[in-house]
Each structure stands twice: as structure tokens, then as C-alpha cells.
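# Results of the structural survey
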Amino acid sequence: QVRLVESGGGLVQPGGSLRLSCAASGSIFRIDAMGWYRQAPGKQRELVAVIISGDSTNYAESVKGRFTISRDNAENTVYLQMNSLNPEDTAVYYCNVNIHTPRYVRDEYWGQGTQVTVSS
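The paragraphs below set out a description of the structure included in this document. All values derive from a computational prediction rather than experimental measurement.

In the structure shown here, the tally under the stated rule is one disulfide. Sulfur-sulfur distance for the disulfide between C22 and C95 comes to 2.1 Å. Judged by the torsion about the S-S bond (-80°), the C22/C95 disulfide is left-handed. A residue pair is termed long-range when its members are at least 10 positions apart, and C22 in strand β3 (residues 18–26) and C95 in strand β9 (residues 91–100) qualify at 73 residues. Comparing C22 with C95, the two get one shared label, buried.

Attention shifts here to the pairing of β9. Within β9, eight of the 10 residues are buried, leaving the element largely enclosed by the surrounding structure. Looking at chain direction, strand β4 (residues 30–39) and β9 are connected through nine bridges and run antiparallel. Residue pairing for β9: Q39 is matched across the bridge by V92. Note that β9 and strand β11 (residues 114–118) share three bridges and pair antiparallel.

Rules used throughout
- Residues numbered from 1 in each chain as written.
- Predicted model: local features only at pLDDT ≥ 70, side-chain atom pairs only at ≥ 80, totals over all residues.
- Heavy atoms only, no water.
- Disulfide = S-S within 2.5 Å.
- Helix = DSSP H or I, 4+ residues; strand = E, 2+ residues; numbered from the N terminus.
- Buried < 20%, exposed > 50% of the residue type's maximum accessible area, 1.4 Å probe, protein only.
- Pairing = 2+ DSSP bridges.

Remember, this is a structural readout, not a statement about activity or role.
Given below as C-alpha cells:
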């Protein structure tokens, strides 16, 4: 079993910044990808950013140039630095991790979600 612990959400004014973190622990042989998704009220969950082994990254068009995803391989932690936030970024942000277990089985896990609210 794998546990994901998210932190860093909150309320911020437009133009402000927040940093989300997600730490993975448990039965992990290898982390293949770590990412962030978000879901706003009445909308589908969407990919925000993902970082895969080798540090290749991919971003949603709406966050390019404003958000930066990074990871600490030693700590199995992924970060999302969010700058120039606007009200359209308001959503619950979910951490997502794709792994290989010690038995070399692929598996996927989701965090519990952290609320990000951008409002004046």
C-alpha cells in the first residue's frame, strides 16, 4: 500500500503564489510519474502538470509559464509551485502517483485533495 500526504493549499489573492507538496511512502519499488490534477466545482478533473522519470514535464496550457512542477527523488515528493494565480485556478488539487510495486506491478494512487482558493 502507498500513502500520499498533500499539503500547501489555502486561500490566496489574485496574483499570489502557493506551493503544493505531496509525499509518497509505502511499498514502492519505483515511481514512474508524479503529477497534479485539479477539479473545480461542476467541472471534470483535469491534468495540471506531470513529471516523469528522467524529469520530463508536461503542463496544461492554462498554467504554462505560471506553474512549475518538480520532484525530490530521495524523498519521493512532488511539488507544484503556483505563481500568478487567478480565480480560474480555484479548485481541489489532487496528487497522482504511478508506481511499480516491489513485485513489479504497476499501480496508481491519488491523494486526498487540497483546496486552493484564489479570491480577493
